[in-house]
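Analysis of the macromolecular model
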Amino acid sequence: MARAAGVESEMELAFAGLHQLCAPMLGRLDRLPAPQRDALGTAFGLRAGDAPDRFLVGLGALTLLSDAAETQPVVCLVDDAQWLDQASRQALAFVARRLLAESIALVFATRSVIDDLRRLPELWIERLSDPDARALLGEALSTPLDAAVGEAIVAETRGNPLALLELPRGLAPDELAGGFRFLDALPYGTRLEGIFRRRLEALPGETQRLLLVAAAEPTGDPTLLWRAAEELGVGFDAAGPAAADGLFEIRTRATFRHPVVRSAIYRAASPSDRMSAHLALAEATDPEIDPDRRAWHRAQATPGPDAQVAAELERSADRARRRGGVAAAAAFLERAAELTPEPHRRGARALAAAEAKFDAGAPDSADQLLAAAARSPLDNLERARLERLRGRLAAARRGRDAPSLLLAAAKRLEPLDAALARETYLDALAAGRYAGFLAEGGGGRQIAEAARAAPPGPVPVRPMDLLLDGVAVGLTESYAASLPLLRGALEAFCEGHSAGGDDLRSLAWACRVAIDLWDDASFEQLSARALKVARERGALAVLPVALTYRVLAQINAGEFAAAVQLNQELVSIIEAIDAPLSLYTSLALAAWRGEESETSELGELIIRDANARGEGAAIAFAEMNAAVLYNGLGRYDRAMAAAERAVEHGDIGRYGEELIEAAARSGEREVATTALETLTERAGFAGTDWALGIEAGSRALLSAGDEAEALYRQAIDHLGSTLVAVHLGRAHLRYGEWLRREGRRVDARQHLRTAYDMLTTMGAEAFAERARRELVATGETVRKRTVGTLDQLTPHEAQIARLAREGRTNAQIGAELFISPRTVEYHLAKVFSKLGISSRKELRAAILDTGVATLSG
């Protein structure tokens, strides 16, 4: 049995609740994988280290509990979950969502609905029926009870068992016998506190002081409690009356009868008595062993501004941040600001608290602190940081004004902190790219011009700085002028040796740039590395971005099965961190697989949300995928309409291929020719096989005779040297279609067979159907494809099977997929059963990577 309880006064101490729960199992800490062991050890203050990712802490807790459950079942009881600190609540919610095959039960008891726990199974505790309430009341009383009084108590307590047990104990015998008076209509939680207060008032003064100290210190450490009591002149015999009354006892730990008792005692105390209790606890707490708890008690004991206590809280915030307790750091800084007498310092601490609140995912609290900081006499750098945070808050909400706010902040930062200014310019460009044509002020070109005029960044040059320079040149001069800088940035990121080479936010930018440069090798490498780094760090907050780019890379490569599995993981991660669901990768998969209803539904949702948020790039993305769908289905008029909207809201260099094919097939030669001119210019400057293959294939659609044939062959040759197999399949399809229309049926069959094989194997069903129809038109008979045994598995099972086939252990698979080793074992057992095998050795032979299409003529 492992227990933890949330306590109001401890809500700001990061991982306090999780530490309570895991404390009996910490002897097993060394059995965990090193990243998880270090994350938990740092979070619990057992070792020094960089701030651990909060979800890596959650994974460590999951593995620790799973390890303990190997020897016997584990039941975890978490009481008053509404008062858990945020870091513990998120970590335990992560654990709860990942329990499957483990012998673990995790039960949260809470007085109110908690967002972090919303997706867990719920059991609402209903009131006792009146007959059961009467029976319980009868067992609880040892004195006669007037029938009318009994009915009044049953009605008054409304079936609450604790109220039934405790309410009569607050009434005099004559009241029970017949003189019962109705209490006023307060919520019975408050009414119960009143009953407990009456019992408290009957205890000796020393006992009341001891109970108040215990209520203010939730660790339940008897040694600490008695040291604090000694500070107040309270002796050991003070605990006797409370124990006799059943309110409180001290054994290996000091405990109250019920959390309501603790809250009743603490709330009933006068402010001066509370401060005395906290001061005694501060004096009794070892400043070397637990400086943060000591600082917190000192802060609670301080009636007004106190520079020394505020400074101590600021140091606690630094320690909390290093342990990954961003929410705790924010709380320490917020209280430090309140206790700071000097106005400028108070504003600086309020700003730091606002930044910490933002990082902790509490934008509303950040807004309030930001407003407080704005009213203070900040210096120039602090004022610039304040503006930067205001812009970041707007960007997090995808606000239309985010680009202009971040641009203003970056300009203000230039003479104060050049490195931070450049980071802010990159943030502004990112916000501008998201907002696209819906941005308010501060367009991409304006931001880029300011970034180019900004002071240089730090030495050695960061990959991020190369990226910023390249993007800025592209927006202010030309695509061609930006290429040397952007290629240098991609090279630096691919090498990964220079400072910031593994910064996840910058890696995401680099993936986007690799797509813009048609650099398939860099996109493959960087998307794989971004995902690997995010997983190794357990960085679930940024893992969705890494997964998104990896899914897009797998779609380009024609690895739709792998993309589906990664997309499933993306959805589960987003659910785990309770983030808004991203539909982009689901839309791309649906479009390339030819799923019309799914693509339409997802596209409509994305466009509606994007218009509400001011995210123009999402509208272009949705329209481009609609064009892919309709080109696959051969409905070229609809494809052209969607592609024209995509180009209008986006970049013809990225979306031109779809527009050219749709327009050429629809007989809109002028539209196709205009789009081809832009595409040709971009592709020529890029010079990659991916770019040249797309350009040649698009030009072939507008050509005839020998020229067209040469261009179709060039497209196949170029794309055959790349990693973008889905485009190679389309190139074979287009060439085969052209050959059939030229009356060369035998030649056409060769390329149409290749296209059908490739596209069917990938799962690009609409494009594959185009190839099938063309084959039938040549006189070919198309047999049903043979499906590999991998199709028997769910996406999650298939992903685990692939990793196991590669030689990963259960622990390694669990760490990569954020599940426990026991859950991996559970899924593998199902895989073995479905595939009719009994060991990992048989996986390689049992799993076919892809389905195989068979044709005959």
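Residues numbered from 1 in each chain as written. Predicted model: local features only at pLDDT ≥ 70, side-chain atom pairs only at ≥ 80, totals over all residues. Heavy atoms only, no water.

1. Some points on the packing of helix α23 (residues 444-453) against helix α24 (residues 463-476)
- Two elements in contact, α23 and α24, have axes whose closest approach is 8 Å; the angle formed by their N-to-C orientations is 125°. Taken together, the axes of α23 and α24 are oblique relative to one another. Seen from above, α23 lies across α24 with left-handed handedness. For the pair α23 and α24, the contacting residues are Gly444, Arg445, Ala448, Glu449, Ala451 and Arg452 in the first and Leu468, Ala472, Val473, Leu475 and Thr476 in the second.
- Grouping the amino acids of the contact of α23 with α24 by side-chain chemistry returns six nonpolar, two polar and three charged. (Axes fitted to C-alpha atoms, helices over the stretch in contact; angles between N-to-C directions. Helix = DSSP H or I, 4+ residues; strand = E, 2+ residues; numbered from the N terminus. Parallel < 35°, antiparallel > 145°, perpendicular 65-115°, else oblique. Left-handed = near helix turned anticlockwise from the far one by under 90°. Contact = heavy atoms within 4.5 Å. Nonpolar A, V, L, I, M, F, W, Y, C, P; charged D, E, K, R; others polar.)

2. Notes on the side chain of Glu709
- Secondary-structure assignment places Glu709 in helix α37 (residues 705-719).
- The buried category is assigned to Glu709, whose relative accessible area is 14%.
- Residues within four places of Glu709 in sequence aside, it is in contact with Tyr735, Trp738, Leu739 and Arg744. (Buried < 20%, exposed > 50% of the residue type's maximum accessible area, 1.4 Å probe, protein only.)

3. Considering the packing of helix α3 (residues 54-68) against helix α4 (residues 86-97)
- Contact geometry of α3 with α4 gives a least axis separation of 8 Å together with a crossing angle of 50°. For the element pair α3 / α4, the angle class is oblique. When the axes of α3 and α4 are compared, the crossing they make is right-handed. Between α3, through Arg54, Phe55, Gly58, Leu59, Ala61, Leu62 and Leu65, and α4, the contact on the second element is made entirely by Gln90, Ala91, Phe94 and Val95.

4. Section: the sheet that holds strand β2 (residues 74-79)
- Sheet architecture is open: three strands sit in the order β1-β2-β3, paired in parallel fashion. The open sheet has two edge strands with one neighbour each: β1 (2-5) and β3 (104-108). Neighbouring strand axes in the sheet, compared pairwise and without regard to direction, differ in orientation by 10° on average.
- Sheet analysis places β1 next to β2, joined by four bridges and oriented parallel. By the bridge assignment for β2, Ala2 is matched with Cys76.
- Relative to the sheet, α4 contacts β2 and β3, its axis offset from that of β3 by approximately 135°. (Pairing = 2+ DSSP bridges.)

5. Examining the pattern of salt bridges
- For the coordinates displayed, the defined rule picks out 53 salt bridges.
- In this structure, Arg388 and Asp427 form a salt bridge, with 3.4 Å as the shortest nitrogen-oxygen distance. Of this pair, Arg388 sits in helix α20 (residues 380-396) while Asp427 sits in helix α22 (residues 418-435), and the two are 39 residues apart along the sequence. The same class applies to Arg388 and to Asp427, which are both buried.
- Close ionic contact of Arg749 with Glu780 constitutes a salt bridge, the shortest N to O distance being 3.4 Å. On the criterion of sequence distance, the pair formed by Arg749 in helix α39 (residues 745-762) and Glu780 in the loop between α40 (765-777) and β6 (781-782) is long-range, its members being 31 residues apart.
- The exposure class of Glu780 is buried, given its relative accessible area of 4%.
- Look at the salt bridges and you will find they share partners, linking Glu657, Glu658, Glu661, Arg665, Arg730, Arg734, Glu737 and Arg770 into a network. (Salt bridge = Lys/Arg side-chain N within 4 Å of Asp/Glu carboxyl O.)

6. Structural notes on the nonpolar core
- Within the largest apolar cluster, 205 residues are counted, with the highest numbers of intra-cluster contacts made by Leu18, Phe108, Leu313 and Tyr425.
- Tallying contributions element by element places helix α32 (residues 616-633) first for this core, with eleven residues.
- Contact partners of Leu18, with chain neighbours within four places excluded, come to Leu40, Phe44, Val57, Ala61, Ser88, Ala91 and Leu92.
- Of all hydrophobic cores here, the second largest spans 34 residues; its members include Phe196, Ala242, Val260 and Ile265. (Core = buried A, V, L, I, M, F, W, Y, C linked by side-chain atoms within 4.5 Å.)

7. Regarding unusual backbone geometry
- Residue Pro460 follows Val459 across a cis peptide bond; omega there is 0°.
- With respect to the secondary-structure elements, Pro460 resides in the loop between α23 and α24.
- Despite not being glycine, Trp518 shows a phi value in the positive range, around 50°.
- Relative to the helices and strands, Trp518 is located in the loop between α26 (504-516) and α27 (520-536).

8. A short note on the side chain of Arg529
- With respect to the helices, strands and loops of the structure, Arg529 is situated in helix α27.
- Residue classification places Arg529 among the buried positions, given a relative accessible area of 16%.
- Here Phe493 takes part through its backbone oxygen, which lies 2.6 Å from a polar atom of the side chain of Arg529. (Polar contact = N/O pair within 3.5 Å; in protein donor to acceptor, adjacent residues only side chain to side chain.)

9. With respect to the pairing of β2
- The alternating pattern of β2 places Val74, Cys76 and Val78 on a buried face, while none of Val75, Leu77 and Asp79, on the opposite face, is buried.
- Looking at chain direction, β2 and β3 are connected through five bridges and run parallel. Bridge assignment links Val74 to a residue of β3, and that residue is Ile104.
- The parallel pair β2 and β3, bridged by α4, forms a crossover whose chirality is right-handed. (Right-handed = clockwise from strand over helix to strand, strands pointing away.)

10. Focus: the packing of aromatic side chains
- Inspection of every chain in the model, using the stated rule, returns eight aromatic pairs.
- Their ring planes at 55° and their centres at 5.7 Å tell us that Tyr584 and Phe621 sit as a pair that is tilted. Remark: Phe621 occurs in helix α32 and Tyr584 occurs in helix α30 (residues 584-592); sequence separation between them is 37 residues.
- What makes Phe621 buried here is its relative accessible area of 15%.
- Their ring planes at 45° and their centres at 5.9 Å tell us that Tyr712 and Trp738 sit as a pair that is tilted. With Tyr712 in helix α37 and Trp738 in helix α38 (residues 725-741), this pair connects stretches of sequence that are 26 residues apart. Each member of the pair, Tyr712 as well as Trp738, is classed as buried.
- An aromatic cluster is built from Tyr712, Tyr735 and Trp738, whose rings are joined through pairwise contacts. (Phe/Tyr/Trp six-rings, centres within 6.5 Å; stacked < 30°, edge-to-face > 60°.)

11. Let's talk about the environment of Ala748
- Positionally, Ala748 belongs in helix α39.
- Taking C-alpha positions, Ala748 is 8.1 Å from Leu775, a pair spaced 27 residues apart along the chain.
- Beyond its immediate stretch of four places on either side in the chain, Ala748 contacts Gly736, Leu739, Arg740 and Thr778.

12. Quick word on α24
- The end-to-end C-alpha distance of α24 is 20 Å, a good match for the 20 Å that 14 residues give at a rise of 1.5 Å each.
- Restricting attention to buried positions, one finds in α24 the residues Pro463, Met464, Asp465, Leu467, Leu468, Gly470, Val471, Ala472, Val473 and Thr476.
- Where α24 is buried, its residues contact α22, α23, α25 (479-495) and α26. (Expected span 1.5 Å × (residues − 1).)

13. Let's talk about a negative patch on the surface
- Residues Glu644, Glu648, Glu668 and Glu670 make up a contiguous surface patch of negative charge.
- Mapped onto the fold, Glu644 is located in helix α33 (residues 636-649).
- Given the relative accessible area of 36%, Glu644 is considered partly exposed. (Patch = residues over 30% accessible without salt bridge, like charges linked within 9 Å, V, L, I, M, F, W, Y side chains within 5 Å. Areas by Shrake-Rupley, 256 points an atom, 1.4 Å probe, with all protein chains shown as cover. Lys, Arg positive; Asp, Glu negative; His and termini not counted. Charge placed at Lys NZ, Arg CZ, Asp CG, Glu CD.)

14. Structural notes on the environment of Thr63
- On the secondary structure map, Thr63 appears in helix α3.
- Judged by relative accessible area, which is 10%, Thr63 ranks as buried.
- Thr63 sits 751 residues away from Gly814 along the chain, and the two C-alpha atoms are 8.9 Å apart.
- Contacts of Thr63, omitting those with residues within four sequence positions, involve Leu32, Pro33 and Gln36.

15. With respect to the confidence of the model for the protein
- The predicted model of the protein has a mean per-residue pLDDT of 84, with 88% of residues at 70 or higher.
- Per-residue pLDDT, averaged within each element of the protein, yields its smallest value for strand β7 (residues 855-856) (38) and its largest for helix α36 (residues 689-700) (96).
- Between residues 497-501, whose pLDDT stays under 50, and residues either more than four places distant or in other chains, the model counts twelve contacts.
- Confidence drops under a pLDDT of 50 for residues 848-857, and excluding neighbours within four residues, the segment shows 33 contacts in the predicted structure. (pLDDT = per-residue confidence, 0-100.)

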